[in-house]
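# Structural description and commentary
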Amino acid sequence: MPQLRAGEDPPGQIAPQAEENPVPMEKPVVAQRSPYATEVEAGKSYWWCACGRSKSQPFCDGSHKGTGLSPVEYKAKRSRTVYFCGCKHTTTPTICDGTHERLA
C-alpha cells in the first residue's frame with residue numbers, strides 16, 4: 001500500500017465548520033475496502049469524503065450533513081496519483097494507510 005514519504009503532500013485539514021457545529025459524531029460508513037487511485041493536479045484542492053456516504057467517492061457531495069463528520073481538504077502540491085482512503089478509517093486522513101486490511 002502506498003505510504004506518505006518525506007516531501008510528499010501531507011494529509012488534509014478538517015473543514016472549519018466541523019469545529020463550529022458540535023454535533024455528536026456518527027461513525028463513518030465504509031465506502032469501499034480499498035483506496036481510490038485518483039489523479040490530482042498541482043495547486044488544486046480536493047475535498048475528501050470522511051463520512052463514506054457521498055455518491056461521488058472519494059470526494060464530498062454534502063451527504064455528511066447531520067452526521068457530525070466533515071470533509072477534509074487535500075491540497076495537491078504536485079500532479080500525481082494519490083491513493084485516497086476508501087474505508088474512511090485511515091489514521092492519516094485523506095490518504096490510505098492500509099487500515100481497510102484490519103477492519104472486521
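Presented here is a report on the structure given in the accompanying data block.

Helix and strand counts for the protein stand at 1 helix and 5 strands. The order of helices and strands in the protein, counted from the N terminus, is β-α-β-β-β-β. The 104 residues of the protein split such that 38% are buried. Sequence-distant contacts, at least 24 apart, represent 66% of the contacts inside the protein between residues at least 6 apart. Surface accessibility of the protein: about 6,100 Å² in total, with carbon and sulfur atoms responsible for 52%.

Our next topic: the pattern of salt bridges. For the structure shown, the criterion picks out 1 salt bridge. The residue E26 makes a salt bridge to R53 at a minimum N-O spacing of 2.8 Å. A residue pair is termed long-range when its members are at least 10 positions apart, and E26 in the loop between α1 (17-20) and β2 (36-40) and R53 in the loop between β3 (45-48) and β4 (72-75) qualify at 27 residues.

Turning our eyes to something else, we now look at the packing of aromatic side chains. Inspection of the entire model under this criterion finds 3 aromatic pairs. Relative to F84, the ring of F59 has its centre 5.3 Å away and its plane inclined at 75°; by these criteria the two rings are edge-to-face. Residue F59 is located in the loop between β3 and β4, and its partner F84 is located in strand β5 (residues 80-84); the two are separated by 25 residues in the primary sequence. Among the aromatic residues, ring-to-ring pairing joins Y46, F59, Y74 and F84 into one connected group.

Basis of the calculations
Residues numbered from 1 in each chain as written. Predicted model: local features only at pLDDT ≥ 70, side-chain atom pairs only at ≥ 80, totals over all residues. Heavy atoms only, no water. Helix = DSSP H or I, 4+ residues; strand = E, 2+ residues; numbered from the N terminus. Buried < 20%, exposed > 50% of the residue type's maximum accessible area, 1.4 Å probe, protein only. Contact = heavy atoms within 4.5 Å. Areas by Shrake-Rupley, 256 points an atom, 1.4 Å probe, with all protein chains shown as cover. Salt bridge = Lys/Arg side-chain N within 4 Å of Asp/Glu carboxyl O. Phe/Tyr/Trp six-rings, centres within 6.5 Å; stacked < 30°, edge-to-face > 60°.

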